Amino acid sequence: GNSVTQMEGPVTLSEEAFLTINCTYTATGYPSLFWYVQYPGEGLQLLLKATKADDKGSNKGFEATYRKETTSFHLEKGSVQVSDSAVYFCALVSGGSYIPTFGRGTSLIVHP
Amino acid sequence: DTAVSQTPKYLVTQMGNDKSIKCEQNLGHDTMYWYKQDSKKFLKIMFSYNNKELIINETVPNRFSPKSPDKAHLNLHINSLELGDSAVYFCASSQDGGVSGNEQFFGPGTRLTVL
């Protein structure tokens, strides 16, 4: 079956530091890959996505590249802000499955 | 306008009771979902519902039952509530969950506390 593995948190950074949150996956076929963000007290919202190998998703300064050869979709941001403090979820969907697969989430804490 | 809405936002109840959580989406999506999020933020999919076809996560107890009166609504009914049911429940929708590139839109969550 499909699975998503994320690095365990919390990840604690100072403002303006570089962020990487690792995500690797196993899946049948050619899934689409997603990063969702959950701010405190809210539901998840899409941060970015990539639907085929070598695609780069980007939004709000965050980027992730779909690497089929390493089955990875690592999230990066060059300079984090306090407002980026949230829980980040890596997820995949295989075509026709109707059952998305989520990672366990990685908490990011950014200090001023 | 809220895309995916849930009611109530908070639900506190006694063990053994039966309760329902309502979900509505105004996006015209075909697929709706229910998730359970525990205190460690682990997200577990419970159900996927697409054009009257229910796809169940087999680990979900049969005390949980989704009910869809129409395409825009997917309610969650829980019988004989247990302490372990305490969690935040999220509803979500997707234009067509069978298309891998379609993202999900999540509701704000319902925090259920069973005493």
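For the structure itself, look to the data block above.
All figures in this text were calculated on a predicted structure; none of them were measured in a lab. (Residues numbered from 1 in each chain as written. Chains lettered and ligands numbered in written order. Predicted model: local features only at pLDDT ≥ 70, side-chain atom pairs only at ≥ 80, totals over all residues. Heavy atoms only, no water.)

### Things to note about unusual backbone geometry
- In the segment running from glycine 9 of chain A into proline 10 of chain A, the intervening peptide bond is cis, with an omega of 0 degrees.
- Relative to the elements of secondary structure, proline 10 of chain A occurs in the loop between strand 1 (3–6) and strand 2 (11–14).
- Following threonine 7 of chain B, the chain continues to proline 8 of chain B via a peptide bond in cis, the omega torsion being -5 degrees.
- Tracing the chain through its elements places proline 8 of chain B in the loop between strand 1 (4–7) and strand 2 (10–13).
- Positive phi, close to 80 degrees, is recorded for glutamate 16 of chain A, a residue that is not glycine. (Helix = DSSP H or I, 4+ residues; strand = E, 2+ residues; numbered from the N terminus.)

### Here we look at the nonpolar core
Residue and element names in this part refer to chain A.
- Counting 26 residues, the largest nonpolar core has Leu19, Trp35, Leu47, Leu48, Phe73, Leu75 and Tyr88 as its most contacted members.
- If you list the elements that add at least two residues to this core, you get strand 2, strand 3 (19–21), strand 4 (23–26), strand 5 (32–38), strand 6 (44–50), strand 8 (62–65), strand 10 (86–93) and strand 12 (106–111).
- With four residues, the top contributor of residues to this core is strand 10.
- Among residues more than four places away in sequence, those in contact with leucine 48 are Leu33, Phe34, Trp35, Gly57, Ser58, Asn59, Phe62, Glu63, Ala64, Phe73 and Leu75. (Core = buried A, V, L, I, M, F, W, Y, C linked by side-chain atoms within 4.5 Å. Buried < 20%, exposed > 50% of the residue type's maximum accessible area, 1.4 Å probe, protein only. Contact = heavy atoms within 4.5 Å.)

### Side note on the pattern of salt bridges
Residues and elements named next belong to chain B.
- For the coordinates displayed, the defined rule picks out seven salt bridges over all chains.
- Between arginine 63 and aspartate 85 there is a salt bridge, with the nearest N and O atoms lying 2.9 Å from each other. Taken as a pair, arginine 63 in the loop between strand 6 (53–56) and strand 7 (64–70) and aspartate 85 in the loop between strand 8 (73–78) and strand 9 (87–94) lie far apart in primary sequence, 22 residues in all.
- Looking at arginine 63, the relative accessible area reads 14%, which means it is buried.
- When its relative accessible area of 3% is taken as the criterion, aspartate 85 is described as buried.
- Residues joined in a network through salt bridges with shared partners are Arg63, Glu82 and Asp85. (Salt bridge = Lys/Arg side-chain N within 4 Å of Asp/Glu carboxyl O.)

### A closer look at the sheet that holds strand 7 of chain B
Residue and element names in this part refer to chain B.
- With antiparallel pairing, four strands are arranged side by side in an open sheet as 1-3-8-7. Here the strands that pair on one side only, and so sit at the sheet edges, are strand 1 and strand 7. Across the sheet, the mean angle separating the axes of adjacent strands is 20 degrees when strand polarity is ignored.
- In terms of strand pairing, strand 3 (residues 19–25) meets strand 8 through four bridges, oriented antiparallel. In the sheet register, glutamate 24 faces strand 8, and the bridge partner there is histidine 73. (Pairing = 2+ DSSP bridges. Axes fitted to C-alpha atoms, helices over the stretch in contact; angles between N-to-C directions.)

### Side note on the interface of chain A and chain B
- Residue-level contacts link 24 residues of chain A with 24 residues of chain B.
- Summed over both partners, the interface of chain A with chain B comes to about 1900 Å²; 59% of that surface belongs to carbon and sulfur atoms.
- When residues of chain A are sorted by the area they lose upon contact with chain B, Leu44, Tyr98 and Arg104 of chain A head the list and together hold 32% of the total.
- Inspection of the chain A/chain B interface yields one salt bridge.
- With a shortest N-O distance of 3.0 Å, glutamate 103 of chain B and lysine 49 of chain A are connected by a salt bridge.
- Among the elements of the structure, strand 5, strand 6 and strand 10 of chain A are those that each provide at least two residues to the side of chain A that touches chain B.
- Considering each element in turn, the side of chain A that touches chain B owes the most residues, four residues, to strand 5 of chain A.
- The residue makeup of the side of chain A that touches chain B, split by class, is twelve nonpolar, nine polar and three charged. (Buried area = accessible area lost by both parts, 1.4 Å probe. Nonpolar A, V, L, I, M, F, W, Y, C, P; charged D, E, K, R; others polar.)

### Details of the side chain of serine 48 of chain B
- You can see serine 48 of chain B is positioned in strand 5 (residues 43–50).
- In this structure serine 48 of chain B comes out as buried when scored by relative accessible area, which is 0%.
- In this structure serine 48 of chain B touches Tyr98 and Ile99 of chain A together with Thr31, Met32, Tyr33, Glu53, Leu54 and Ile55 of chain B, once residues within four positions along its chain are discounted.

### Details of the packing of aromatic side chains
- Under the defined criterion, the tally for this structure stands at twelve aromatic pairs over all chains.
- Between tyrosine 36 of chain A and phenylalanine 102 of chain A, the ring centres sit 5.6 Å apart and the planes meet at 40 degrees, which makes this aromatic pair tilted. Taken together, the residues tyrosine 36 of chain A in strand 5 and phenylalanine 102 of chain A in strand 11 (residues 101–102) connect sequence positions 66 residues apart.
- Overall, tyrosine 36 of chain A belongs to the buried group, its relative accessible area being 1%.
- Looking at phenylalanine 102 of chain A, the relative accessible area reads 10%, which means it is buried.
- An aromatic cluster is built from Phe34, Tyr36, Phe89 and Phe102 of chain A together with Tyr33, Tyr35, Phe90 and Phe106 of chain B, whose rings are joined through pairwise contacts.
- Here the basic side chain of arginine 104 of chain A rests over the ring of phenylalanine 42 of chain B, its NZ or CZ set 4.4 Å away from the ring centre. (Phe/Tyr/Trp six-rings, centres within 6.5 Å; stacked < 30°, edge-to-face > 60°. Lys NZ or Arg CZ within 6 Å of the ring centre and 35° of its normal.)

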